[in-house]
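Single-letter residue listing:
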Amino acid sequence: MKHLHHLPFIALALSVIGTLSAAKSPYQSVLQHSRIRGRQPNVCAMQQIQGTDKKYFTNCKQWYHRKICGKPTVISYECCPGYERIHGERGCPAALPLVNIYKTLGMVSATTTQIYSDRAELKPEIEGPGSFTFFAPSNEAWAALPVEILDSLVSNVNIELLNALHYHMVNKRLSSDDLKHGATFNSMYQDSDLHIHHYPNGIVTVNCARLVKTDQHATNGMVHVIDRVITAITNDIHSFLDTDDDLENLRTAVAMAGMTTMLESEGPYTLFAPTKEAFEKIPRATLTRILSDPVALKDLLNYHILRSIQCSEAIVAGTPMETLQGTMLEVGCNGKDMTLNGKAIITRKDQLGTNGVIHYINELLIPDSAKTVLELAQGSAVTTATQLFIDAGLEPNLSGSEPLTVLAPLNEAFKDVNLAATSETRKLLRNHILKGQHSSKVLYHGQTLDTLGGLQLRVFIYRNNLCIENTCIAAHDKTGRFGTMFIVDKVLTPPMGTVMDVLKEDSRFSTLVGAIQRAGLTELLNQKGSYTVFAPTNDAFRAMPSGEYNRLMGKRNTRQLTNMIKFHMGEEVLVSGGIGSQTWIKPLHGEKLELSVRNSTVFVNKVPVAEADIMATNGVVHVVHSVVQPLRKYSPQAELLCLRPPTRSAPLTAPPLLPSSLPDHLSQKVLESSSSRTMRRPQ
């Protein structure tokens with residue numbers, strides 16, 4: 001009996017699971033979610049965009065975000081399709097009376113369609129026997145028609161209006177479950193096709209008109225209320241290009257790229273069609289270059305095409321979609337505006353053809369694959385580097401057809417770097433340009449890359465990063481027509497000699513250089529290899545206790561000096577970008593060096609690195625202001641021993657012997673405890 005109080009919750013959970021498992025389509029899934037949020041029998045939660053009359057059944061994401069197309073929504077509660085309220089009763093307990101289609105139109109706020117059906121003498125047909133599906137325009141849909149179109153329909157009711165209404169009808173009963181994505185049905189007007197799209201977000205469209213009230217059952221069929229009046233489709237996508245002067249430039253480009261046949265084929269496609277205005281916005285030199293390059297032109301056009309039909313009414317948030325060119329295009333919305341990559345550049349929507357839909361845009365979309373490296377850099381986070389390349393006279397390299405790869409440091413990489421316009425700066429920038437067009441996905445550890453400046457740069461691949469010398473890639477590759485841009489986190493410092501050369505050239509390391517020579521390690525640090533050296537400065541040696549320093553540097557302690565220096569040398573090249581929160585490296589002597597990064601500072605065995613990534617041809621040097629010591633080993637047995645209360649026979653005049661591996665904080669506790677028990681000298 002004590003578990004019976006859980007039964008209501010179990011029953012609720014089972015009902016929710018059962019409801020969701022019974023969903024047969026995305027629309028039904030969203031409807032069921034709205035039912036659950038309604039919390040009362042046959043009540044659905046609806047989200048309405050503030051300031052508009054547009055309402056949607058709610059899915060989980062929209063419910064929590066309370067936004068559709070970037071605009072806030074208000075929640076309202078309405079009877080789910082097919083139900084109505086009864087005064088004094090909870091929820092919407094009563095099913096709507098089942099009547100014929102003509103009467104159903106009046107019950108679902110499609111009274112204008114009902115009036116026009118009467119006027120066109122369609123009423124007897126939709127009142128009588130049969131099994132029809134009527135995609136009925138809402139009252140608002142009729143009101144939104146241009147006056148001249150509406151007048152022409154109404155003035156010739158026996159022909160045009162009747163044909164228009166018949167085009168909204170199918171001669172069989174179709175529920176929302178029958179409206180599969182990509183399906184077509186013959187209408188009752190000359191068997192002209194009606195195109196159905198059933199999107200993953202639960203929105204269903206017919207000829208890009210959204211179904212706003214679905215599955216309204218009638219004795220002789222089904223009514224679905226839609227948000228616009230639809231018209232018969234006779235032309236394919238390319239026919240739009242042939243007949244619309246505003247698409248003349250696009251028509252020419254399509255012909256030059258040999259894509260005419262494709263746009264006449266079955267599809268389906270979504271074409272974001274650039275208008276004359278869009279082409280005129282592009283610099284003439286850029287446009288001429290692309291039009292004269294068949295590969296770039298085809299990439300440009302394919303970037304405007306999706307291999308699916310995307311109606312504007314189906315979009316409730318930004319969604320990445322793959323283009324024929326192979327990269328993603330974010331199709332979204334902002335209020336009433338349809339957007340591409342976050343920009344409201346669509347001027348006409350939902351021009352439906354037999355093989356797809358066209359949306360007119362007033363801005364040309366140029367994919368990275370059709371751009372020069374200089375164009376890749378424009379508007380990105382590497383504007384400082386771009387200007388330096390231009391000032392150094394390297395613009396022809398970045399704008400030409402020579403295959404190359406540019407290492408472009410982020411703007412913040414120059415905060416502490418002052419590069420004056422000198423020959424040395426130009427040489428450095430030429431070493432930021434690699435010969436050949438590379439992809440970071442095919443680089444491998446130990447690979448060398450030739451620069452325009454004549455150097456060879458090494459590739460280092462770590463668990464958390466891919467680095468070229470001291471610079472590490474900070475973003476995805478930007479791959480252009482002939483060149484690629486690697487956005488990197490630092491300004492490159494190419495290796496300018498061996499590790500020994502680096503140390504000799506820097507006066508901060510004179511003591512270390514002398515110690516290396518005394519230990520006989522000069523040849524090791526000059527020869528080919530891969531070393532990471534944590535180099536103590538002169539100040540680091542001065543900070544040592546004098547006795548310890550004298551012993552270390554004494555003639556009899558060459559072995560100890562050698563071991564100390566080798567303990568500061570790792571057996572591989574590890575730049576700062578390859579160091580994670582817990583990294584270790586094997587030294588030439590000793591067990592390991594533990595490295596970490598805190599607040600952008602590298603630590604080795606808890607010693608901060610004062611300057612990282614001085615590159616050498618056989619390694620890398622990191623500067624430290626303290627001699628690095630081995631970390632004490634942690635021993636649980638030692639911890640237990642030191643924390644155990646002393647016995648009666650324990651001496652009171654001396655502290656206990658501490659294990660060498662005891663952590664510092666425990667050593668201090670033991671010493672304090674011992675001190676409190678030690679006999680004190682009289683005051």
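Residues numbered from 1 in each chain as written. Predicted model: local features only at pLDDT ≥ 70, side-chain atom pairs only at ≥ 80, totals over all residues. Heavy atoms only, no water.

Colleague: With reference to specific residues and values, describe the nonpolar core.
Modeller: General note: in soluble globular proteins, nonpolar side chains tend to be found buried as a group. Ranked by size, the top nonpolar core spans 50 residues in total, and within it Phe 135, Leu 179, Ile 196, Val 206, Phe 272, Val 331 and Leu 340 carry the most contacts. Those residues within four positions of Leu 340 in sequence are excluded, and the remaining contacts are Phe 272, Leu 329, Glu 330, Val 331, Ile 345, Ile 346, Ile 361 and Leu 365. Ranked by size, the runner-up nonpolar core spans 29 residues in total, among them Val 499, Phe 509, Met 544 and Ile 614. (Core = buried A, V, L, I, M, F, W, Y, C linked by side-chain atoms within 4.5 Å. Buried < 20%, exposed > 50% of the residue type's maximum accessible area, 1.4 Å probe, protein only. Contact = heavy atoms within 4.5 Å.)

Colleague: Describe the environment of Asn 470, naming the residues involved and giving the relevant values.
Modeller: Relative to the helices and strands, Asn 470 is located in the loop between strand S25 (466-468) and strand S26 (471-472). Overall, the relative accessible area of 3% leaves Asn 470 in the buried class. Distance from Asn 470 to Phe 460, taken between C-alpha atoms, is 9.2 Å for residues 10 residues apart in sequence. In this structure, Asn 470 is in contact with Asp 489, Lys 490, Val 491, Leu 492, Thr 493, Val 575, Asp 613 and Met 615, ignoring residues within four places of it in sequence. In this structure the side chain of Asn 470 is engaged in a polar contact, spanning 3.0 Å, whose partner is the backbone oxygen of Val 491. Of the polar contacts made by the side chain of Asn 470, one reaches the backbone nitrogen of Thr 493; its length is 2.9 Å. (Helix = DSSP H or I, 4+ residues; strand = E, 2+ residues; numbered from the N terminus. Polar contact = N/O pair within 3.5 Å; in protein donor to acceptor, adjacent residues only side chain to side chain.)

Colleague: Pulling in residues and values, what's your account of the sheet that holds strand S23 (residues 448-450)?
Modeller: Sheet architecture is open: four strands sit in the order S23-S24-S25-S26, paired in antiparallel fashion. A single partner strand is all that each edge strand has here, and the edge strands are S23 and S26. (Pairing = 2+ DSSP bridges.)

Colleague: Can you break down the sheet that holds strand S27 (residues 478-479) residue by residue, with the values?
Modeller: Reading across from one edge, S22-S21-S28-S27 is the order of the four strands in this open sheet, with mixed pairing throughout. The open sheet has two free edges, formed respectively by strand S22 (433-435) and S27, since each of these has just one partner strand.

Colleague: How would you summarise helix H17 (residues 383-391) if you had to cite specific residues and measurements?
Modeller: Along H17, the positions that sit buried rather than exposed are Ala 385, Thr 386, Leu 388 and Phe 389. The arc that holds every buried residue of H17, seen down its axis, measures 160 degrees, which confines them to one face. Elements in contact with the buried residues of H17: helix H16 (373-377), helix H18 (395-399), strand S21 (404-409), helix H19 (423-430) and S22. Gly 393 occupies a position one or two residues after H17 and carries a positive phi of about 80 degrees. (Arc of directions from axis to C-beta.)

Colleague: Tell me about the pairing of strand S16 (residues 319-322), residues and numbers included.
Modeller: Pairing geometry for S16 and strand S17 (residues 328-334), over four bridges, is antiparallel. In the strand pairing of S17, Met 321 is matched with Leu 329.

Colleague: Tell me about the pattern of salt bridges, and please be specific about residues and values.
Modeller: Between side chains of opposite charge, a pair can form as their charged atoms come close. In this structure the tally under the stated criterion is 21 salt bridges. Between Asp 489 and Lys 490 there is a salt bridge; the shortest N-O distance is 3.2 Å. We classify Asp 489 as partly exposed; its relative accessible area is 27%. Through salt bridges with shared partners, a single network forms among Lys 54, Arg 210, Asp 227, Arg 228, Glu 313 and Asp 350. (Salt bridge = Lys/Arg side-chain N within 4 Å of Asp/Glu carboxyl O.)

Colleague: With reference to specific residues and values, describe the packing of helix H21 (residues 510-519) against helix H25 (residues 558-567).
Modeller: In the contact formed by H21 and H25, the axes pass within 9 Å of each other and the chain directions differ by 125 degrees. It follows that H21 is oblique to H25 by the angle criterion. Remark: the crossing between H21 and H25 carries left-handed chirality. Counting all contacts with H21, which are made through Ala 515, Ile 516, Arg 518 and Ala 519, the residues of H25 involved are Thr 558, Leu 561, Thr 562 and Ile 565. (Axes fitted to C-alpha atoms, helices over the stretch in contact; angles between N-to-C directions. Parallel < 35°, antiparallel > 145°, perpendicular 65-115°, else oblique. Left-handed = near helix turned anticlockwise from the far one by under 90°.)

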